[in-house]
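# Descriptive analysis of the structure
Here are the chains, one letter per residue:
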Amino acid sequence: MIVENEKIPFDINAIRAEFPVLKQKIYGKDLIYFDNGATSQKPQVVLDAINKYYSQENSNIHRGVHHLSQVATSHYEEARTIIQKYINAPLQEEVLFNSGTTAGINMVAFCFGELLTEGDEIVISAMEHHSNIVPWQMLCERKKCILKVIPMTKKGELEMDVFDNLLSNKTKLVAVSHISNSLGTINPIEEIIEKAHAIGAKVLIDGAQSIQHMKVDVQALDCDFYAFSGHKVFGPTGVGVLYGKKEILDSMPPYQGGGDMISKVTFEKTTYNTLPHKFEAGTPHIAGGICLGTAIEYLSKLDIDAIQKHEYELAQYAEQELLNIDGLRIIGTAKNKTSVVSFVIEGIHPFDIGTLLDKQGIAVRTGHHCTQPVMSFFEIPGTIRASFAFYNTKNEIDIFIKAVNRSLKMLR
Ligand code: PMP
């Protein structure tokens, strides 16, 4: 369990030593992993926990009287408590396990959506990931609701005065990302939550790109829902979390029907289980949940403020060095941004740079990053995106800059 205030000082070499994948060579070069926005690498404690679960504890949870089932159940529920404490959720049952951010948003769009009626309005932003656009479009089609979009400026900042005008007594939910995955903008979610609440709307925060980079306190934020993915926060793939306020979750109908989510089943009528089980039908990703707990416990021992500062400095340094390259343009120049540097280079397709960087052992992402409306807004086919985690270094950025220049020599 988390020991409060016992923080490990930020020591980059010690941190890097925890991540075996970083010791690899790719095409004979030291791996430089700058694709953390897509998924993060896993520390040894998480790898060990996965191995331990499958080699010593594997069993189904919640229903077994035997020893292994009880061990797995208690570890799964302990993981829920670790996550509850980390995000400062008031209640353990407000932490729902699912398969990731996408699943969490779809669940809210379906179940909260069931409470909406024709003409109700949902507000999202111009910089959302497809998983925070499409579920709302599907809901709007199903329930004849209206989707409104907060526009952004050419810097990639939300136009907050327009947001004020979008809100009305018809607005039932505002769903925005905390940090944009393609621009790196940190959105003013505190202000968004306050303004949405003032007119009685609920707020969902897509935290897929934030919880690994900064302290998240759902009570201080007062958000109604907060979704994130395990794999982006140094945990396994296929597991994620949706935090939701108890009274709202209680008011929503269940999502999927099946085992564990019921209280009593007869052919005439089924009654549903209490939270969190009501929204967790079927056998969950047990190893995933437990090892996400391990990942969050690992993160909780690090100094998150030092991580935030380190990643901010990396992003600033990368931008400053990239801007020396002829014809290079940074996409997303918000004042408040972190950990993501997206750019385009005149006359060069992002994919070509990405391929040549790969051959030099450097992993970046190229393309639209599941934010096609952002690409349309900037009138570009895609970007080259370097996204940093706390285990990245300035030295890696120096090598990356040289590699971009070398690639350009080949392409120009
Ligand atoms: N929202 C944002 C901002 C993201 O960056 C991502 C992942 N790229 C998602 C949602 C979806 O996450 P997942 O695919 O893990 O469900």
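In what follows, the structure referred to is the one given above.
Before going into details, it helps to say that this report is about the structure given with it. Keep in mind that what you see is a predicted model, and the values were worked out from it rather than measured. (Residues numbered from 1 in each chain as written. Predicted model: local features only at pLDDT ≥ 70, side-chain atom pairs only at ≥ 80, totals over all residues. Heavy atoms only, no water.)

## What to know about the overall build of the chain
Quick note on the threshold: Only DSSP runs of H or I reaching four residues or more are called helices, and only runs of E reaching two or more are called strands; each is numbered from the N terminus. Each radius of gyration is computed over the set of C-alpha atoms, and the globule rule expresses the reference value as 2.2 Å times the number of residues to the power 0.38. Think of it in three bands: residues with accessible area under 20% of the maximum for their type are buried, residues over 50% are exposed, and the middle band is partly exposed, with areas taken using a 1.4 Å probe on protein chains only. We call two residues in contact whenever any of their non-hydrogen atoms come within 4.5 Å of each other. All accessible-area figures derive from a Shrake-Rupley calculation using a 1.4 Å probe, and residue coverage is judged against the displayed protein chains alone.
Looking only at helices and strands, one finds 14 helices and 17 strands in the chain. Scaling as 2.2 N^0.38, a compact globule of 412 residues should have a C-alpha radius of gyration of about 22 Å, and the chain matches this with 22 Å. Principal axes of the C-alpha set define a box for the chain whose edges measure 70 × 55 × 40 Å. Put simply, the chain has 412 residues, and 55% of those count as buried. Within the chain, contacts between residues at least 6 apart in sequence are counted, and of these 72% link residues at least 24 apart. Here the chain has roughly 17500 Å² of accessible surface; of this, 52% comes from carbon and sulfur atoms.

## Digging into the site of the ligand
Under the convention used in this document: A single heavy atom is enough: if one lies within 4 Å of a molecule or strand, its residue is considered near that molecule or strand. In protein, a polar contact means a hydrogen-donor-capable atom and an acceptor-capable atom, both N or O and within 3.5 Å, with residues adjacent in sequence counting only if both atoms are side-chain atoms; elsewhere, any N or O pair within 3.5 Å suffices. Under the grouping applied here, Gly and all other residues not named as nonpolar or charged are polar, the nonpolar ones being Ala, Val, Leu, Ile, Met, Phe, Trp, Tyr, Cys and Pro and the charged ones Asp, Glu, Lys and Arg.
All residues in the neighbourhood of the ligand are listed as Thr101, Thr102, His129, Ser131, Asn181, Asp206, Ala208, Gln209, Ser229, His231 and Lys232. With respect to the ligand, the side chain of His129 contributes an N or O atom lying 3.3 Å from a nitrogen atom. In the environment of the ligand, a nitrogen atom lies 2.5 Å from a nitrogen or oxygen atom belonging to the side chain of Asp206. Look at the ligand: alone it shows 400 Å² of surface, and the protein chains cover 85% of it. Taken together, the residues of the shell around the ligand break down into one nonpolar, eight polar and two charged.

## Some details on empty space enclosed by the protein
Basically, it comes down to this: Using protein atoms alone on a 1 Å grid, points that fit a 1.4 Å probe yet trap it form a cavity, whereas open point sets bounded by protein on both sides within 12 Å along at least five of seven lines form a pocket; residues with an atom within 4 Å of a point count as lining. Grid points are joined across faces, edges and corners, and a volume is the space filled by probe spheres set on the points.
Enumeration over the complete set of coordinates arrives at one cavity of 30 Å³ or more. If you add up the space inside the largest cavity, you get close to 70 Å³. A breakdown of the residues in the lining of the largest cavity according to their chemical character gives four nonpolar, eight polar and one charged.

## Overview of helix H5 (residues 134-143)
Since the α-helix advances by 3.6 residues per turn, residues separated by three or four positions end up pointing in the same direction. Threshold: Regarding the arc, it is the one traced by the directions from the helix axis to the C-beta atoms.
Within H5, burial applies to Pro135, Trp136, Leu139 and Cys140. The buried residues of H5 all sit within an arc of 140° when viewed along its axis, so they share a single face. Residues of H5 that are exposed and point more than 90 degrees away from the buried face comprise Met138 and Glu141. Looking one or two residues past H5, Lys144 carries a phi angle of roughly 55°, positive in sign.

## Quick look at a positive patch on the surface
Applicable threshold: Patch criteria: residues need more than 30% relative accessible area and no salt bridge. Like-charged residues are merged within 9 Å; nonpolar side chains of Val, Leu, Ile, Met, Phe, Trp and Tyr are merged within 5 Å. We define a salt bridge as a side-chain nitrogen of Lys or Arg found within 4 Å of a carboxyl oxygen belonging to Asp or Glu. By the counting scheme adopted, Arg and Lys are positive, Glu and Asp are negative, and His together with the chain ends is not counted. Note that the charge is assigned to NZ on lysines, CZ on arginines, CG on aspartates and CD on glutamates.
Judged by side-chain charge, Lys29, Lys402, Arg406 and Lys409 come together as a positively charged surface patch. Structurally, Lys402 can be placed in helix H14 (residues 394-411).

## Remarks on the layout of surface pockets
Taken as a whole, the largest pocket encloses approximately 450 Å³ of empty space. Counting residues per element, the ones that place at least two in the lining of the largest pocket are helix H1 (12-17), helix H2 (44-57), helix H3 (67-87) and helix H10 (286-301). For the lining of the largest pocket, the element with the highest residue contribution is H10, accounting for six residues. A class-by-class count of the residues in the lining of the largest pocket yields 13 nonpolar, three polar and seven charged.

## Points about the packing of helix H12 (residues 350-358) against H14
Basically, it comes down to this: Note on geometry: axes are lines fitted to C-alpha atoms, helical ones only across the stretch in contact, with angles between N-to-C directions running from 0 to 180 degrees. Any angle that is under 35 degrees is reported as roughly parallel, and any over 145 degrees as roughly antiparallel; angles of 65 to 115 degrees are reported as roughly perpendicular and all others as oblique. For any helix crossing, the convention is left-handed if the near helix is rotated counterclockwise from the far helix by under a right angle, and right-handed if that rotation is clockwise.
Relative to each other, H12 and H14 sit at 120°, their axes nearing to 9 Å. With respect to their mutual orientation, H12 and H14 come out oblique. Judged by the sense of rotation from one axis to the other, the crossing of H12 with H14 is right-handed. Residues Asp352, Ile353, Leu356 and Leu357 of H12 touch H14, and the partners they reach there are Phe400, Ala403, Val404, Ser407, Leu408, Met410 and Leu411. The class makeup of the residues in the contact of H12 with H14 is nine nonpolar, one polar and one charged.

## Quick word on the sheet that holds strand S17 (residues 383-387)
As a reminder of what qualifies: At least two bridges found by DSSP between two strands are what make those strands a pair.
Across the sheet, which stays open at both edges, the four strands sit in the order S13-S14-S17-S16 with antiparallel pairing between neighbours. Pairing within the sheet leaves two strands with one partner each, and these edge strands are strand S13 (328-331) and strand S16 (365-367). Across the sheet, the mean angle separating the axes of adjacent strands is 30° when strand polarity is ignored. As defined by bridge partners, strand S14 (residues 340-345) adjoins S17 across four bridges and the pair is classed as antiparallel.

## So, unusual backbone geometry
Here the bond from Leu275 into Pro276 is cis, since omega is 0°, no more than 30 degrees from zero. When you line up the elements, Pro276 lands in the loop between strand S12 (270-272) and H10. With a phi close to 55°, Ser339 is a non-glycine residue in the positive phi region. Residue Ser339 is classed as buried on the basis of its relative accessible area of 2%.

## What about the pattern of salt bridges?
Evaluation of the coordinates by the stated rule reveals 19 salt bridges. Between Asp35 and Arg385 there is a salt bridge, with its nearest N and O atoms 3.5 Å apart. Highlighted residues: Asp35 in the loop between strand S3 (32-33) and H2 and Arg385 in strand S17, separated in sequence by 350 residues. Classification of Asp35 as buried rests on a relative accessible area of 7%.

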